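Fold and geometry: a report
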Amino acid sequence: RQLLDQHTVVKVKVNPSAFEDNSLLNAFEVLKQLAVDSGANDGMELIHIRTSDKVILFGKEGTLDLIDAGDFPPPPPPPREPKEEEE
């Protein structure tokens, strides 16, 4: 919950054997409910499940809309201009 307060998307590695049917989807639902019970917004979104790595990507409410609109992730910062040395 605290990480989602600070970031738009959070990657969580999960041991699926601790959840019903060894399912990462069930793990998402359980972890989401735990976060909501501890004060998180219940609009938390499932961004992606990577079964091979046992990873779930959680997002703040509205993150999927930002991704669909091309607004997330934000573009990289412009390259830095080298400082000119004074002579």
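In what follows, the structure referred to is the one given above.
Residues numbered from 1 in each chain as written. Predicted model: local features only at pLDDT ≥ 70, side-chain atom pairs only at ≥ 80, totals over all residues. Heavy atoms only, no water.

As for the environment of K54
Along the chain, K54 turns up in the loop between strand 2 (45-50) and strand 3 (55-59). For K54, the residues in contact, after removing those within four places along its chain, are V12, K13, V14, P16 and L24. (Helix = DSSP H or I, 4+ residues; strand = E, 2+ residues; numbered from the N terminus. Contact = heavy atoms within 4.5 Å.)

Concerning the packing of aromatic side chains
Here the structure, examined in full by the defined rule, presents one aromatic pair. Taking 5.1 Å as the distance between ring centres and 35° as the angle between the ring planes, the aromatic pair formed by F28 and F58 counts as tilted. Here F28 is found in helix 2 (residues 24-37), whereas its partner F58 is found in strand 3, with 30 residues between them in sequence. Each of the two residues, F28 as well as F58, counts as buried. (Phe/Tyr/Trp six-rings, centres within 6.5 Å; stacked < 30°, edge-to-face > 60°. Buried < 20%, exposed > 50% of the residue type's maximum accessible area, 1.4 Å probe, protein only.)

Some remarks on the side chain of T63
With respect to the helices and strands, the residue T63 is situated in helix 3 (residues 63-69). Exposure remark for T63: the relative accessible area of 1% places this residue in the buried category. Among all residues touching T63, those that are not within four sequence positions of it are T8, V9, E45 and I47.

Points about the sheet that holds strand 2
Neighbouring strands of a sheet are bound in pairs by backbone hydrogen bonds; such pairs are parallel or else antiparallel. A sheet is described by the order of its strands in space; here three strands give the open sequence 1-3-2, paired in antiparallel fashion. Each edge of the open sheet is held by one strand with a lone partner, namely strand 1 (9-13) and strand 2. Averaged over neighbouring strand pairs, the angle between their axes works out to 20° when direction is ignored. Pairing of strand 2 with strand 3, which is carried by five bridges, proceeds in the antiparallel orientation. What sits directly across from R50, in strand 3, is V55. Packing against the sheet, helix 2 makes contact with strand 1, strand 2 and strand 3, and its axis sits at approximately 40° to strand 3. (Pairing = 2+ DSSP bridges. Axes fitted to C-alpha atoms, helices over the stretch in contact; angles between N-to-C directions.)

Quick notes on the nonpolar core
Counting 12 residues, the largest nonpolar core is built from L4, V10, V14, F19, L24, A27, F28, A35, A40, M44, I56 and F58. Elements supplying a minimum of two residues to this core: helix 2 and strand 3. Looking at this core, the element that brings in the most residues is helix 2, giving four residues. When sequence neighbours within four positions are dropped, the list of residues in contact with A27 reads V14, F19 and I56. (Core = buried A, V, L, I, M, F, W, Y, C linked by side-chain atoms within 4.5 Å.)

Describing the layout of surface pockets
Of the voids in this model, the largest pocket is the one considered here, and its volume is about 150 Å³. Lining the largest pocket are R1, L3, L4, V10, V12, L31, K32, A35, M44 and F58. Where the lining of the largest pocket is concerned, the elements lending two or more residues are helix 1 (2-6), strand 1 and helix 2. In terms of residue count, helix 2 provides more of the lining of the largest pocket than any other element does, three residues in total. Split by residue class, the lining of the largest pocket holds eight nonpolar, no polar and two charged. (1 Å grid on protein atoms, 1.4 Å probe; cavity = no way out; pocket = protein on both sides within 12 Å on 5 of 7 lines; lining within 4 Å. Points joined across faces, edges and corners; volume = space filled by probe spheres on them. Nonpolar A, V, L, I, M, F, W, Y, C, P; charged D, E, K, R; others polar.)

It is worth stressing that arrangement in space is one thing and function is another; only the former is reported here.
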